[in-house]
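Inside the fold
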Amino acid sequence: MKIMVSGAAVTLFLAAASYSHAADMAPVEPPAEAPITEVSGLYDWNGFYIGANVGYGWTNGEFDDGIIGFDRNFNGALLGAHAGYNYQNGNWVFGGEVDVKHDFNEDSFTAGGTDFEAETKWGGSIRARLGYAIDRTLIYGTGGYAFTRAHINNETLDESASETFHGWTVGAGVEHAFTDNLLGRVEYRYTDYGDKEVFDTGGNVDLNTNSVTVGLSWKF
């Protein structure tokens, strides 16, 4: 009888030891990883910028002095500079920009037996901009006030005049941020400078321009 009790005790002891060992061998769950918070990598368009641009302008001049009337194109390259500020709200970008330019479009021609020489020397604009940003690419429209300084010379009568024309401009463009500071752009604009009397004899000139420019800007 004692042998049977002792055997039972040994069996219970071995079973308990086996259970304890199995419990010790149970896999340990790894600690839960902290959630990863993603930081937005979208480009920030807010801030001031300055830049330079080059391009080409197709300028049309309509001349009428009550006796003769003609149209003439003064096409040529242009070189300019610009500065502005952007404010971003979501994907929408609002801003303002000013620019100045010099035109290289001097031309000599004859109309009605009279020799003329004409050009638009320099000009500029003050404009609003509104765009939609797709990360580093901005598609925008622009419009506002524009002016240009024009010179026309009647070489036959040895008469010349220089006048500043005032009008409006509207256009659109695409801008891309190559780095956080360096921006590139392509822009088209139509500008109507209105008309103005340029000679004491009553000669009237109406000017408008189509232009395409490419430029680089540095954002601060």
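Residues numbered from 1 in each chain as written. Predicted model: local features only at pLDDT ≥ 70, side-chain atom pairs only at ≥ 80, totals over all residues. Heavy atoms only, no water.

Below, the discussion takes up the overall build of the protein. The number of helices and strands found in the protein is one helix and nine strands. Walking the protein from its N terminus toward its C terminus, one meets helices and strands in the order α-β-β-β-β-β-β-β-β-β. Partitioning the intrachain contacts of the protein with sequence separation of at least 6 by distance along the chain shows that 63% fall at a separation of at least 24. Summed over its atoms, the accessible surface of the protein is roughly 13,000 Å², and 62% of this surface lies on carbon and sulfur atoms. (Helix = DSSP H or I, 4+ residues; strand = E, 2+ residues; numbered from the N terminus. Contact = heavy atoms within 4.5 Å. Areas by Shrake-Rupley, 256 points an atom, 1.4 Å probe, with all protein chains shown as cover.)

What follows deals with the packing of aromatic side chains. Both the distance between ring centres and the angle between the ring planes are used here to describe each pair of aromatic rings. Enumeration over the complete set of coordinates arrives at ten aromatic pairs. Taking 5.0 Å as the distance between ring centres and 85 degrees as the angle between the ring planes, the aromatic pair formed by Tyr43 and Trp45 counts as edge-to-face. With centroids separated by 5.4 Å and ring planes inclined at 55 degrees, the aromatic side chains of Phe63 and Phe116 adopt a geometry described as tilted. Note that Phe63 is positioned in strand β1 (residues 47–64) and Phe116 in strand β5 (residues 114–134), a separation of 53 residues in sequence. Classification of Phe63 as buried rests on a relative accessible area of 5%. The positively charged end of Arg129 is found above the aromatic ring belonging to Tyr140, 4.4 Å away from the centroid. (Phe/Tyr/Trp six-rings, centres within 6.5 Å; stacked < 30°, edge-to-face > 60°. Buried < 20%, exposed > 50% of the residue type's maximum accessible area, 1.4 Å probe, protein only. Lys NZ or Arg CZ within 6 Å of the ring centre and 35° of its normal.)

It is worth spelling out the side chain of Thr164 at this point. Counting through the fold element by element, Thr164 comes out in strand β7 (residues 159–177). Thr164 gets classed as buried once you look at its relative accessible area, which sits at 18%. Engagement of the side chain of Thr164 in a polar contact is seen with the side chain of Arg149, the distance being 2.9 Å. (Polar contact = N/O pair within 3.5 Å; in protein donor to acceptor, adjacent residues only side chain to side chain.)

Before going further, it helps to examine the nonpolar core. One finds Phe116 and Phe165 to be the most contacted residues of the largest nonpolar core, which totals 16 residues. Here the element with the most residues in this core is strand β6 (residues 137–154); it accounts for three residues. If sequence neighbours within four positions are ignored, Phe165 has contacts with Ala146, Phe147, Thr148, Ala150, Tyr193, Gly194, Asp195, Lys196, Val198, Val205 and Leu207. Tyr43, Trp45, Tyr140 and Leu183 belong to the second largest nonpolar core, which has eight residues in total. (Core = buried A, V, L, I, M, F, W, Y, C linked by side-chain atoms within 4.5 Å.)

Here we take up the environment of Leu79. Within the fold, Leu79 resides in strand β2 (residues 69–89). Along the backbone, Leu79 and Tyr56 are 23 residues apart, and their C-alpha atoms lie at a distance of 8.6 Å.

Two side chains that carry opposite charge are able to pair once their charged atoms sit near each other. Summed over all chains, the structure comprises 13 salt bridges. Where Asp103 meets Lys101, a salt bridge forms, and the shortest distance between an N and an O atom there is 2.7 Å. Residue Lys101 is classed as buried on the basis of its relative accessible area, which comes to 16%. Salt-bridge contacts for Lys196 lead to Glu163; the nearest nitrogen and oxygen are separated by 3.9 Å. Residue Lys196 is found in strand β8 (residues 182–197), and its partner Glu163 is found in strand β7; the two are separated by 33 residues along the sequence. Classification of Lys196 as partly exposed rests on a relative accessible area of 28%. Judged by relative accessible area, which is 24%, Glu163 ranks as partly exposed. A single salt-bridge network, built from bridges that share partners, covers Glu97, Asp99, Arg127, Arg129, Glu175, Arg185, Glu187 and Arg189. (Salt bridge = Lys/Arg side-chain N within 4 Å of Asp/Glu carboxyl O.)

The next thing to look at is the environment of Val170. Considering the arrangement of structural elements, one finds Val170 in strand β7. By relative accessible area, which is 42% here, Val170 ends up partly exposed. Discounting residues that sit within four places of it in the chain, Val170 has contacts with Thr142, Gly143, Tyr188, Arg189 and Tyr190.

Secondary-structure assignment places Asn208 in strand β9 (residues 204–219). Beyond its immediate stretch of four places on either side in the chain, Asn208 contacts Trp58, Thr59, Asn60, Tyr190, Thr191, Asp192 and Tyr193.

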